[in-house]
Amino acid sequence: MNQKHYQQIPAKLTEGLDRLSRWQPYSPGMCNGCLSYCCHLPVEATAEDMVRLGLAEEGEYRASPKRLFKKLLAQKVVSSFRMKSGLFTIAQKSDGSCGFLGADRRCTVYEKRPAVCRRFPEIGPRPGFCPARKFSPSPSV
Ligand code: SF4
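These numbers were taken from a predicted model, which means no experiment stands behind them.

K.L.:
Could you give me a rundown of the overall build of the protein, with the residues and numbers involved?
P.N.:
Counting secondary structure elements, the protein contains five helices and five strands. Listing each helix as α and each strand as β along the protein from the N terminus yields α-β-β-α-α-α-β-β-α-β. Looking at the protein as a whole, 24% of its 141 residues are labelled buried. Of the contacts formed within the protein by residues at least 6 apart in sequence, a portion of 63% connects residues at least 24 apart.

Right, here's the structure in full:
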């Protein structure tokens with residue numbers, strides 16, 4: 001998608017993305033032309049993901065999970081961390097999109113993206129379902 005054609009998804013289209021009952025069964029091809037609605041869902045990442053992303057050193061999490069969280073928080077890469085599960089939540093932009101989503105609506109870290117992104121929608125809040133269809137904008141968007 002050309003940068004000059006970029007438009008933020010209107011807020012009304014991303015409202016209720018978390019209502020799982022409105023998700024559609026996923027089928028190949030649904031991603032074509034989609035404005036990356038799944039990248040407007042909270043993304044949980046592991047310490048392993050952070051190492052792959054180049055945001056943490058091997059062993060940094062083991063040495064001190066809290067210190068790593070503080071570092072990533074200061075870098076505005078993550079917004080929260082749950083000690084019990086060891087999962088970080090990737091920081092979202094003001095429109096709710098993932099901090100790694102580019103202006104062209106493509107992932108800027110695609111080759112290194114978190115495991116959950118690689119496996120979506122096989123895993124996720126509603127496995128096998130996708131939030132895109134019912135929120136598809138008009139062709140003019
Ligand atoms: S890391 Fe990339 S694929 Fe995953 S939600 Fe963010 S922009 Fe989308």
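K.L.:
Explain the site of the ligand to me, and be specific about the residues and the numbers.
P.N.:
As a structural note, the neighbourhood of the ligand is formed by Cys39, Val43, Cys98, Phe100, Leu101, Cys107, Val109, Arg113, Pro114 and Cys117. Looking at side-chain class alone, the shell around the ligand contains nine nonpolar, no polar and one charged residues.

K.L.:
Break down the environment of Gln75 for me, with residues and values.
P.N.:
Examined against the element boundaries, Gln75 turns out to sit in the loop between helix 4 (65–74) and strand 3 (78–82). Residues Gln75 and Ala91, spaced 16 residues apart in sequence, show a C-alpha to C-alpha distance of 9.9 Å.

K.L.:
Run through the nonpolar core, naming residues and quoting values.
P.N.:
Of all hydrophobic cores here, the largest spans 26 residues; its most connected members are Val43, Met50, Leu72, Phe88, Ile90 and Cys98. Elements supplying a minimum of two residues to this core: helix 2 (47–52), helix 4, strand 3 and strand 4 (87–90). Excluding its chain neighbours within four sequence positions, the residues that come into contact with Met50 are Ala45, Leu55, Ala56, Leu72 and Phe88.

K.L.:
Outline the sheet that holds strand 3, listing residues and values.
P.N.:
With respect to topology, three strands assemble into an open sheet ordered 2-4-3, the strand pairing being antiparallel. Bordering the open sheet on either side are strand 2 (44–45) and strand 3, each of which pairs with just one other strand. Sheet topology note: the strand 2/strand 4 ladder contains two bridges and is antiparallel. Considered in strand 4, the bridge of Glu44 is made with Thr89.

K.L.:
Provide a residue-level description of the pairing of strand 4, including the pertinent values.
P.N.:
What you see with strand 4 is a clean split: Phe88 and Ile90 sit on the buried side and Leu87 and Thr89 on the side with no burial. Relative to strand 4, strand 3 is paired through four bridges, and the arrangement is antiparallel. Note that in strand 4 the partner of Phe81 across the bridge is Phe88.

K.L.:
Any chance you could break down unusual backbone geometry for me, citing the residues and the numbers?
P.N.:
Cis geometry marks the peptide bond from Phe120 to Pro121; its omega dihedral reads 5°. Inspection of the secondary structure assignment puts Pro121 in the loop between helix 5 (115–119) and strand 5 (129–130). Unlike most non-glycine residues, Lys76 shows phi in positive territory, near 60°. Structurally, the position occupied by Lys76 is in the loop between helix 4 and strand 3. For Lys76, a count of 9 C-beta atoms within 10 Å translates into the label exposed.

Analysis parameters
- Residues numbered from 1 in each chain as written.
- Predicted model: local features only at pLDDT ≥ 70, side-chain atom pairs only at ≥ 80, totals over all residues.
- Helix = DSSP H or I, 4+ residues; strand = E, 2+ residues; numbered from the N terminus.
- Buried ≥ 20, exposed ≤ 12 C-beta atoms within 10 Å, placed from the backbone.
- Contact = placed C-beta atoms within 7 Å.
- Near = placed C-beta within 6 Å.
- Nonpolar A, V, L, I, M, F, W, Y, C, P; charged D, E, K, R; others polar.
- Core = buried A, V, L, I, M, F, W, Y, C linked by C-beta atoms within 7 Å.
- Pairing = 2+ DSSP bridges.

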